[in-house]
Amino acid sequence: TGLLFPAALIAGYVGLLLWHINMPPMERNGQWDYYWGDARSISMLAALGKGFLYHELPLLDTSANLGWNLAGDIFPYWNPINALVMFLTPRDTLQVRTFLMLWLAGFGAYLLILDYTKSRVYSLAVGLSYASLNLFTGFYLHHPLSFYGHVTPLLLLLIRKALTTPKAISLAAYAVF
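Residues numbered from 1 in each chain as written. Predicted model: local features only at pLDDT ≥ 70, side-chain atom pairs only at ≥ 80, totals over all residues. Heavy atoms only, no water.

Student: Give me the overall build of the protein: which residues, what numbers.
Tutor: Per the secondary structure count, the protein includes 7 helices and 0 strands. Along the protein, helices (α) and strands (β) appear in the sequence α-α-α-α-α-α-α when read from the amino end. Contacts in the protein between residues at least 24 apart in sequence constitute 64% of all its contacts with a sequence separation of at least 6. Put simply, the protein shows about 10700 Å² of open surface, and 69% of that area lies on carbon and sulfur atoms. (Helix = DSSP H or I, 4+ residues; strand = E, 2+ residues; numbered from the N terminus. Contact = heavy atoms within 4.5 Å. Areas by Shrake-Rupley, 256 points an atom, 1.4 Å probe, with all protein chains shown as cover.)

Below you can see the structure in the form of structure tokens.
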């Protein structure tokens, strides 16, 4: 359906964006000091990797995943991308996770706007702009808190498709009445 070219273009753009930002996890400079957040994420990924090594899975209870008191923590242990910690270092896993989530944000925005406008040019411009939002590439570059923003376009697209599909509307009406 012609989605391969925009997906590849957004992936290339996100790769160049992260290369241009040049801010791997645990990096510090005068204008950026989110060392604590990166160190915390890397230590949690390291614990997850050791858990996988010894065949221990995190609990489904999000307040005590690997024995730590993580009440209110939004670190998603069950995110499938985190399983890469079995093959990569925690720092590289954060880099790959950041790349994939920025790509997901850009491609999701592309699909949402394409569904509204049917224009590939506008959709691509919105997708590239959304992937490079300051919220994603600034303070929350490697932080899982921005995941909700990354998946918002896909969630809106899902809601739009559910509301415009006749079978979904009749199913919702049947469920309500």
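Don't stop here, the text continues.
Student: Can you explain the confidence of the model for the protein? Please cite residues and give values.
Tutor: Interpretation of the predicted coordinates at a detailed level should be avoided for regions scoring low in pLDDT. Averaged over the protein, the pLDDT score is 78; the fraction of residues at 70 or greater is 68%. Per-element mean pLDDT across the protein ranges from 69 in helix α7 (residues 166–176) up to 94 in helix α4 (residues 120–131). (pLDDT = per-residue confidence, 0-100.)

Student: Pulling in residues and values, what's your account of the nonpolar core?
Tutor: Of all hydrophobic cores here, the largest spans 18 residues; its most connected members are I10, V14, F107 and Y110. Elements that contribute at least two residues to this core include exactly α1 (4–21), α3 (90–117) and α4. The element best represented in this core is α3, accounting for 8 residues. Apart from residues lying up to four places away in sequence, Y110 is in contact with L3, P6, I10, R120, S123, L124 and G127. Listed in part, the 5 residues of the second largest apolar core include I42, L48, V85 and L94. (Core = buried A, V, L, I, M, F, W, Y, C linked by side-chain atoms within 4.5 Å. Buried < 20%, exposed > 50% of the residue type's maximum accessible area, 1.4 Å probe, protein only.)

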